[in-house]
Amino acid sequence: TIITSMRRRRAVIQPKSRRQRKDSIFLLLSLLGLSITFLMVFHVITMLDDEPYKKTIRVSLDSLPLTPKERDDYRKIIQKRQQEKNYHNKTEASKGKEPLLKLLQQEAGIKLDQDIIQLLPTWESITNLYGSNPILRDCSNNGNNEAARSLAIAGLFGSGTNLASKYLKRNCRMVSGEQTSIRWEVPGGKHVPRNFLPSSQDVLPVVMIRDPYLWMISLCRIPYGVQWFHNSERHCPNLVPDERDHREFPSLRSKSSIPVHIQYPSVKHLSWDSLFHLWMDWYQQYYDSRTEDRVMIRYEDFVFFPYQTTKYLCEQCAGGQLKHPFTYVQPSAKAMGPGHGEFRTNWITSILRFSYGETYRTDGFTVQDLEFVKTNAQQESSSLMDVFHYPIVYPS
């Protein structure tokens, strides 16, 4: 009787125990599946945001984000160069452009077709404008990893702040191992003037500055939050109003220059006498704050010297370590978003625009505008244009 009772009890208990084991196994498998899914999603997100862009890019004139007018203008330049210099193969078209081709093709892995090679400016024309080396100074860290600190980006609209952020996030390994040490913007906003920002000892501002002529021209394509009376199809950049400006914008008749305005979300409405005054005042505020740590970097140095510029910021300024291999920001540095326009600027188009020669820096300006820039730039006791080797254009 006792044995029979035990057998009956075991028969009742055993199925229940098996069900429990099955439930436990199912629960463990479910948790394992969720963990794997989470890790995969995290890896994909990380890869999209920060991992190197390893795919080789083939670039042709038709593949670039250009306006129809820009594409037509480039084709005219190609035809003209073929007639003048007998550019009929890549070897002939490459002469004088070897440093650029090495940077783009060998180091960055971008395959250029013959039309693009013909359009590239010569290296001499670039170094005549901006020098043969990047302008890198103002960092006192000297690679001391014990003094590692976060970098935070700042700069005017259209000055290359997104480009700087991408290069640093993809290539700089902070000592702490956390890429959050490369911050998207300084506290208070990356586009806000320095005098309206809170003081912060936690970050080193990386201030992006751009050739003022080209910066003003870029605002004619995409003005961002900068507001001023202008007609992009007729007179832009416009610093000094002409007769047509007076007719189209009557309020300018009493003005000797064309004022600009910016409404910052966290700051009151700000105004300047002209686009060039905005550029001068905005960067002078950071330049004059030399008692506080900050480093000012030219946009052009990220375009033509990306490795040296990123290495300096990472190791000498942040106390970090440069990743190997170095990753070049090949696609557009700026994701499509509000205010960014349909035609985005990428690395190749930034370089190709110099194929116009010196006239590229004066496109859209009148003689009066150029004289206005020269006069105001020379009035500064320590001209930012001299400091950052931006040649002043003398009207002819």
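What comes next is a walk through the structure. (Residues numbered from 1 in each chain as written. Predicted model: local features only at pLDDT ≥ 70, side-chain atom pairs only at ≥ 80, totals over all residues. Heavy atoms only, no water.)

Moving on to empty space enclosed by the protein. Across all of its chains, the model carries two cavities of 30 Å³ or more by this definition. Volume-wise, the largest cavity comes out at about 50 Å³. What lines the largest cavity is simply R210, L214, Y299, E300, V303, F304, S350, F354 and Y360. It is helix α11 (residues 299-304) that provides the largest number of residues to the lining of the largest cavity, a total of four residues. In this model, the second largest cavity occupies a volume close to 40 Å³. Lining the second largest cavity, in full, are F276, W279, M280, Q284, A377, E380, S383, L384 and M385. Top element by residues in the lining of the second largest cavity is helix α10 (residues 275-288). It accounts for four residues. (1 Å grid on protein atoms, 1.4 Å probe; cavity = no way out; pocket = protein on both sides within 12 Å on 5 of 7 lines; lining within 4 Å. Points joined across faces, edges and corners; volume = space filled by probe spheres on them. Helix = DSSP H or I, 4+ residues; strand = E, 2+ residues; numbered from the N terminus.)

Here we come to unusual backbone geometry. Omega for the bond connecting C236 with P237 falls within 30 degrees of zero, at 5 degrees, which places this linkage in the cis form. Here P237 shows up in the loop between β7 (226-227) and α9 (243-248). Cis geometry marks the peptide bond from H324 to P325, where omega comes out at 0 degrees. Following the sequence through the fold, P325 ends up in the loop between β11 (321-322) and α13 (347-352). Despite not being glycine, Y224 shows a phi value in the positive range, around 55 degrees. One can find Y224 in the loop between α8 (212-221) and β7. Look at Y224 and you get partly exposed, because its relative accessible area is 27%. Although it is not a glycine, H389 adopts a positive phi angle of roughly 55 degrees. With respect to the helices, strands and loops of the structure, H389 is situated in the segment after α15 (384-387). (Buried < 20%, exposed > 50% of the residue type's maximum accessible area, 1.4 Å probe, protein only.)

What follows deals with the packing of aromatic side chains. If you walk through the whole model with that rule in mind, you get 20 aromatic pairs. Between the aromatic rings of F326 and Y328, the centroid separation amounts to 4.9 Å while the plane-to-plane angle is 75 degrees, which identifies the pairing as edge-to-face. Using a relative accessible area of 13% as the deciding quantity, one classes F326 as buried. What makes Y328 buried here is its relative accessible area of 7%. An aromatic cluster of at least three residues, connected via ring pairs, comprises W123, Y130, F276, W279, W282, Y283, Y286, F304, F305, F354, Y360 and Y390. (Phe/Tyr/Trp six-rings, centres within 6.5 Å; stacked < 30°, edge-to-face > 60°.)

A few words now on the packing of α8 against α10. Where α8 contacts α10, the two axes come as close as 10 Å, and the packing angle between them is 125 degrees. Between α8 and α10, the angle is such that the two are oblique. For the element pair α8 and α10, the recorded crossing hand is right-handed. On the side of α8, the interface is formed by P212, W215, M216 and L219, while α10 contributes L275, F276, L278 and W279. Looking at the contact of α8 with α10 residue by residue, the class counts come to eight nonpolar, no polar and no charged. (Axes fitted to C-alpha atoms, helices over the stretch in contact; angles between N-to-C directions. Parallel < 35°, antiparallel > 145°, perpendicular 65-115°, else oblique. Left-handed = near helix turned anticlockwise from the far one by under 90°. Contact = heavy atoms within 4.5 Å. Nonpolar A, V, L, I, M, F, W, Y, C, P; charged D, E, K, R; others polar.)

Glancing now at the sheet that holds strand β9 (residues 269-272). The strand order β7-β8-β9 describes an open sheet built from three strands, whose pairing is antiparallel. Only two strands of the sheet have a single partner each, and these edge strands are β7 and β9. In the sheet, β7 pairs with strand β8 (residues 260-263) via two bridges, with the strands oriented antiparallel. Along β8, the bridge assignment pairs Q227 with H261. (Pairing = 2+ DSSP bridges.)

Once that is clear, we can look at the sheet that holds strand β3 (residues 150-155). Here four strands make up an open sheet; going across it, the order is β5-β3-β6-β10 and the pairing parallel. The two strands at the open ends of the sheet, each matched to only one other strand, are β5 (182-183) and β10 (295-298).

Before going further, it helps to examine helix α6 (residues 123-130). In an α-helix, one full turn covers 3.6 residues, which means residues spaced three or four apart are oriented alike. Every buried residue of α6 is accounted for by W123, I126, T127, L129 and Y130. Buried residues of α6 fall within an arc of 160 degrees about the axis and therefore sit on the same side. Of the exposed residues in α6, the ones pointing more than 90 degrees away from its buried face are E124 and N128. Against the buried residues of α6 lie α4 (98-107), α8, β10 and α11. G131 sits one or two positions beyond α6 and adopts a positive phi of about 90 degrees. (Arc of directions from axis to C-beta.)

Shape is all these values report; function is a separate question.
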